[in-house]
Amino acid sequence: GWVATLTIENRTKQAWKNVVSPVCLLLRSAPGFADPDWSRTFFHSDGEFLAYRGRQTPTGKPIYRMSLVKGERQIERTRRHINKWGFTRRQSDDGIIGVVSRDGQSILTTSWSRVHHLQANLKATFACIHGNPWLGAIPAGESRTVQGCVLLSGGGLEEAWKNTRQVLKSFAK
């Protein structure tokens, strides 16, 4: 896998509140991981792995899903966003999202040092997953940086999450 650093700089004269950056991992470009029904796309909630398949949401279209990370609060959304993107009733424990390969041999995970919400999209042109990093408030003229990773792990979901958490811990050093 790889690690990444994302820096967002506010070059305006006004402070920005609640900055969340969508970071898209396109699965359609990796056919072995493309998951057309979310049966292989997972997040961790209340100590168990949940597939996105069948996750009910109070709003949103069936092909667009998000999961708030525990400890984060919902930010203001437009009516268009609410109508399009539905948040799962269960929240993510840790801000990690993963997809099991079609052959079941590998798990692709992604996350950041701080994640606001997970996101998954079934639209064929994207077929993507996100662990969208939280940068919080960015005062005028300042910047915020987060670090993240995309990992490919063998074994099962537990092993993939363990590997991802280990990389995330290394950012804190």
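Details of the structure are given in the entry above.
Below or above, wherever it landed, is the structure these notes cover. (Residues numbered from 1 in each chain as written. Predicted model: local features only at pLDDT ≥ 70, side-chain atom pairs only at ≥ 80, totals over all residues. Heavy atoms only, no water.)

1. Thoughts on the sheet that holds strand β4 (residues 41-45)
Point 1. Strand order across the open sheet formed by six strands is β1-β12-β9-β8-β4-β5, with antiparallel pairing between neighbours. Edge positions in the sheet fall to β1 (2-9) and β5 (48-51), since each of these pairs with one other strand and no more. Across the sheet, the axes of successive neighbouring strands diverge by a mean angle of 25°, strand direction being ignored.
Point 2. Pairing between β1 and strand β12 (residues 143-153): eight bridges, direction antiparallel. If you follow Ile-8 over to β12, its bridge partner there is Arg-144.
Point 3. Its contacts with the sheet put helix α2 (residues 157-171) on β1, β4, β5, β8 (97-100), β9 (107-112) and β12, and the angle it makes with β12 is roughly 150°. (Pairing = 2+ DSSP bridges. Helix = DSSP H or I, 4+ residues; strand = E, 2+ residues; numbered from the N terminus. Axes fitted to C-alpha atoms, helices over the stretch in contact; angles between N-to-C directions. Contact = heavy atoms within 4.5 Å.)

2. A word on the pattern of salt bridges
Point 1. Taken as a whole and assessed by the stated rule, the structure comprises nine salt bridges.
Point 2. Of the charged contacts in the structure, one is a salt bridge between Arg-90 and Asp-46, with a shortest N-O distance of 3.5 Å. Highlighted residues: Arg-90 in the loop between β7 (86-87) and β8 and Asp-46 in the loop between β4 and β5, separated in sequence by 44 residues.
Point 3. We classify Arg-90 as partly exposed; its relative accessible area is 25%.
Point 4. Residue Asp-46 is classed as exposed on the basis of its relative accessible area of 52%.
Point 5. We note a salt bridge from Arg-90 to Glu-48, for which the minimum N-O separation is 2.9 Å. In this pair, Arg-90 sits in the loop between β7 and β8 while Glu-48 sits in strand β5, placing the two residues 42 residues apart along the sequence.
Point 6. The partly exposed category is assigned to Glu-48, whose relative accessible area is 39%.
Point 7. In this structure, a network of salt bridges that share partners links the residues Asp-46, Glu-48, Lys-70, Arg-90 and Asp-93. (Salt bridge = Lys/Arg side-chain N within 4 Å of Asp/Glu carboxyl O. Buried < 20%, exposed > 50% of the residue type's maximum accessible area, 1.4 Å probe, protein only.)

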